[in-house]
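Analysis of the macromolecular model
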Amino acid sequence: MKRLIALVVAIGVILLITAVEDAAAQNHQFCSDCHIHGDCERYNCVFGPPPVPPLSGLVQHHSTPLRVFDHAEGLKFYLVGNGGVQEGPVIPHIKEFTNWPVGMPDKEFVLSTFVNELTDMPVTITYDPAGEFLRVVTCYQDGKQYVFTIDVDNQVQHEVW
């Protein structure tokens, strides 16, 4: 009986220590978005980061509110904000637009508009047939505009960041 009580007390102490450590780490103000900046270890955040696509996508800007990856089915967008990530739309490869038949608009036109639910900021993706590129217009969580283009070779140019 004494062994059983000792075992229960030991397990309780271990669970209590773990809960206190977890609560302390989660309460640190920088742990909520440490995975975005890659500094979770710096603040001893003990919880694992959410599933964030790596920064090896097309957009190489660390604090981007959008990440874009080249997939077989097109350009896959991920929305970033408030310490989380959510899947966004897939836009066909730009080469698909350059092969459109006669009658395609000759000026920039909207492909997709939506709201990044993690930042409550609008996102607009347009295609410019004259330059053969996509333009992505959105904002950081603080409202500062963020605009970049992706050309037919998947090269990214930041216009506003």
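This next bit is on the sheet that holds strand β7 (residues 145-151). If you walk across this open sheet you meet the five strands as β4-β5-β6-β7-β8, and the pairing is antiparallel. Of all strands in the sheet, those bounded by a partner on one side alone are β4 (109-116) and β8 (156-160). When the angles between neighbouring strand axes are averaged without regard to direction, this sheet yields 20 degrees. Strand direction decides the pairing type here: β4 and strand β5 (residues 121-128), joined by seven bridges, are antiparallel. Its bridge partner lying in β5, V115 is registered against P122.

Quick look at the sheet that holds strand β1 (residues 66-71) now. Strand order in the open sheet formed by three strands is β1-β2-β3, with antiparallel pairing between adjacent strands. The sheet is open, and its two edges are formed by β1 and β3 (84-91), each paired on a single side. Going across the sheet, the axis of each strand differs from the next one's by a mean of 25 degrees, ignoring polarity.

In terms of nonpolar packing, the biggest core is built from 22 residues, with V68, L75, I125, L134, F148 and I150 touching the most fellow members. Those elements giving two or more residues to this core turn out to be β1, β2 (74-81), α3 (94-98), β4, β5, β6 (133-139) and β7. Residues contacting L134, with those up to four places away along its chain left out, are L75, I91, I94, F97, L111, I125, T126, Y127, F148, T149 and I150.

Further remarks concern the pairing of β7. The buried fraction of β7 is high, at five of seven residues. Relative to β7, β6 runs antiparallel, the two sharing seven bridges. By the bridge assignment for β7, F133 is matched with D151. The loop that links β6 with its antiparallel partner β7 comprises five residues; one of these, G143, has a positive phi angle of about 95 degrees. The pairing of β7 with β8 spans four bridges and is antiparallel.

This next bit is on the side chain of T119. Within the secondary structure, T119 is located in the loop between β4 and β5. Residue T119 is classed as buried on the basis of its relative accessible area of 8%. In this view, T119 contacts V80, G81 and Q141; residues no more than four positions away in its chain are not counted.

Here the chain averages 76 in pLDDT, and 65% of its residues register 70 or above. Taking the mean pLDDT of every element in the chain, the minimum, 46, falls on helix α1 (residues 2-27) and the maximum, 96, on β6. Residue range residues 6-27 is modelled with pLDDT below 50. Its contacts to residues more than four positions away, or to other chains, number eight contacts.

Reading the values: the criteria
Residues numbered from 1 in each chain as written. Predicted model: local features only at pLDDT ≥ 70, side-chain atom pairs only at ≥ 80, totals over all residues. Heavy atoms only, no water. Pairing = 2+ DSSP bridges. Helix = DSSP H or I, 4+ residues; strand = E, 2+ residues; numbered from the N terminus. Axes fitted to C-alpha atoms, helices over the stretch in contact; angles between N-to-C directions. Core = buried A, V, L, I, M, F, W, Y, C linked by side-chain atoms within 4.5 Å. Buried < 20%, exposed > 50% of the residue type's maximum accessible area, 1.4 Å probe, protein only. Contact = heavy atoms within 4.5 Å. pLDDT = per-residue confidence, 0-100.

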